[in-house]
Amino acid sequence: MSLVDLTPETLASRVDDLMDRARADLAQLVAFPSIHIDPARADASRASAEWVARAFSELGFDTEVIVTSDGSPAIVGHRAGPAGSPTVALYSHHDVQPAGDESLWRTKPFELVEDGGRWYGRGSADCKGNVVAHLTALRALGDGAACNVRLIIEGSEEAGGEGLDELVRTRPDLFDADLILIGDTGNIAVGVPTLTTSLRGVVNVKVTVSALENGVHSGAAGGPAPDAMAALVAGLASLRNAAGDTTIDGLRSDQKWEGFAFTPEQFQETVGALPGTEVLGSGTPADMAWARPAVTVIGLDAPSTDECAAAIMPTAAAMLNLRVPPGTDPRESYELLVAHLRKHIPWGVRVEFEPDAFGGPFSADPTGPGYRQLIDAMSTAYDGLPVQFSGQGGSIPLCTVLAETVPRAEIALLGVEEPMCAIHAPNESVDPGEIRRTALTEAILLSSFGR
């Protein structure tokens, strides 16, 4: 097929014809429980990587599976375009989150099941659905790409992606491109074309409070005895004010988001807030979720209510997840968090900190030539709807590493995920229409990029 034949209408028809195959591809990928953090799943991760490498090799890519420094299998590849043409890189990841409590799933987590027009299964949206969108775009395109295409499929993104980060730094030639499409986000709502232009950075830290050599009877010593759990709870409570703003001493928290903004009602529906609950913070939901820092208690070491005894806890610990917006340094934020808790955890108890992870924030410039072509392609794929710019509270540290290592590249984030997908939770699903529209966006872009 010649370039002149690859009109958006032709590509749309070809993508439509490929959707049954897209479902079959996704079913095969979802069947691999490629959970990098579970050593028992190492064979599944390797099989998943080999499936991806083979699928893209069949489309003319020179692919390679590289076992990175963290032991995860990443797939890199390249397919040459016309001489002298620019390069687009396609990123996604094939590792997934654990299924968790499988009794909470309506379907088997590693079996793709259609229900109510959506496709259910772990990784169906995050992020194997995006891998399939890349494949579908390239199949629709055939040999009609106007540019070189690189492939980057990560194997440990859900575990922090340290292996690929190091590979970028040691083998930058594998990632050199004019435009890098990060297929790991999605739309603000089904059918609303969206590019993510801002990502918060992340700091994970464990804080441990010790007050007694051993637990003591709450009846005999309750009152004067220092209570590690109560001291920890008091310190954690100091991290938010009455409105719900994160209040870490010295950390700025008054930023504003410029771009698409949820109404409080839209946000409550998006997150599934229970009736009567409030939207937190002194800013808009977009300010709070995308432009300001937020600290969350994601783990607590304490006896369960079924196993607890009438005793004062000698030690207690919590894992904190601090998200910071572009313009805020994660390591400086960690130091401020540590200083804040040392000040606000009371009664002279011992306080210890263990930093677990750091990831830098990212901000994209959507005014470059690659972005302009991408915006045009996306709007066309979505029947002329205007493209929205959103932020994301989550972190993709790879974006910062790529921006530092390949400074000439424009980096754009898009994908099949949207609020109904329930990524990282039971009953993860994807709307096949989002796979279709993402694939069509990429096919239109690759058919004309640089021309």
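Residues numbered from 1 in each chain as written. Predicted model: local features only at pLDDT ≥ 70, side-chain atom pairs only at ≥ 80, totals over all residues. Heavy atoms only, no water.

Caption draft 1: Summary view of the sheet that holds strand β11 (residues 294–301). Pairing in this open sheet of four strands is antiparallel, and the strands run β11-β13-β9-β14 from one edge to the other. A single partner strand is all that each edge strand has here, and the edge strands are β11 and β14 (350–359). Between one strand axis and the next, the sheet turns by 20° as a mean value, whatever way the strands run. (Pairing = 2+ DSSP bridges. Helix = DSSP H or I, 4+ residues; strand = E, 2+ residues; numbered from the N terminus. Axes fitted to C-alpha atoms, helices over the stretch in contact; angles between N-to-C directions.)

Caption draft 2: Layout of the UniProt feature "domain: Peptidase M20 dimerisation" (unreviewed entry) in the protein. Following the UniProt record, one finds the feature "domain: Peptidase M20 dimerisation" (unreviewed entry) at residues 198–347. In residues 198–347, the share of helix is 29% and the share of strand is 23%. The end C-alpha atoms are 40 Å apart. (UniProt positions renumbered as here; feature names shortened; annotations may be inferred.)

Caption draft 3: Spatial organisation of the pairing of strand β8 (residues 194–199). By the criterion of burial, β8 is predominantly enclosed, with six of the six residues buried. Here β8 runs beside strand β16 (residues 388–392); their pairing, made up of five bridges, is parallel. In the sheet register, S198 faces β16, and the bridge partner there is G391. Where β8 and strand β15 (residues 362–363) come together, two bridges link them in antiparallel fashion. Bridge pairing in β15 links L199 to F362. (Buried < 20%, exposed > 50% of the residue type's maximum accessible area, 1.4 Å probe, protein only.)

Caption draft 4: Structural context of the state of the cysteines. Evaluated as defined, the whole model comprises zero disulfides. You can see C147 has no disulfide; the closest cysteine sulfur is in C399, sitting 19 Å from it. Judged by relative accessible area, which is 1%, C147 ranks as buried. Not part of a disulfide, C421 finds its nearest cysteine sulfur in C127, a span of 11 Å. C421 sits in the buried class, given a relative accessible area of 0%. (Disulfide = S-S within 2.5 Å.)

Caption draft 5: Expanded view of the pairing of strand β1 (residues 62–67). The pairing of β1 with strand β2 (residues 73–79) spans six bridges and is classified as antiparallel. Bridge pairing in β2 links V65 to I75. In textbook terms, the turn of a hairpin is the stretch between consecutive antiparallel strands, and for β1 and β2 this stretch comprises five residues, one of which, G71, has a positive phi near 85°.

Caption draft 6: Expanded view of unusual backbone geometry. Going from D126 to C127, the amide bond is cis rather than trans, its omega being 10°. Mapping C127 onto the fold places it in the loop between β5 (118–120) and α4 (128–141). Phi angles above zero are rare outside glycine, and A422 is one such case at about 55°. Looking at where A422 falls in the secondary structure, it is placed in the loop between β17 (410–414) and β18 (429–430). Given the relative accessible area of 28%, A422 is considered partly exposed. With phi around 70°, H424 is a residue other than glycine that occupies positive phi space. When its relative accessible area of 43% is taken as the criterion, H424 is described as partly exposed.

Caption draft 7: Geometry of the side chain of S48. Along the chain, S48 falls in helix α3 (residues 42–57). On the accessibility criterion, S48 (0% relative accessible area) is buried.

Caption draft 8: Up close: the nonpolar core. Counting 86 residues, the largest nonpolar core has L164, F175, L181, I182 and I435 as its most contacted members. In this structure L181 touches V88, A89, L90, Y91, L374, A412, L414, E442 and L445, once residues within four positions along its chain are discounted. (Core = buried A, V, L, I, M, F, W, Y, C linked by side-chain atoms within 4.5 Å. Contact = heavy atoms within 4.5 Å.)

Caption draft 9: View of the pattern of salt bridges. Tallied over the entire structure, the rule returns 16 salt bridges. Among the salt bridges present, the one from D38 reaches R41, with a minimum N-O distance of 3.7 Å. Judged by its relative accessible area of 29%, D38 is partly exposed. With a relative accessible area of 28%, R41 lands in the partly exposed category. The residue E50 makes a salt bridge to R46 at a minimum N-O spacing of 3.1 Å. In this pair, E50 and R46 are both assigned in helix α3, four residues apart and thus about one turn of the helix distant. One continuous salt-bridge network, built from bridges that share partners, spans D176, D178 and R408. (Salt bridge = Lys/Arg side-chain N within 4 Å of Asp/Glu carboxyl O.)

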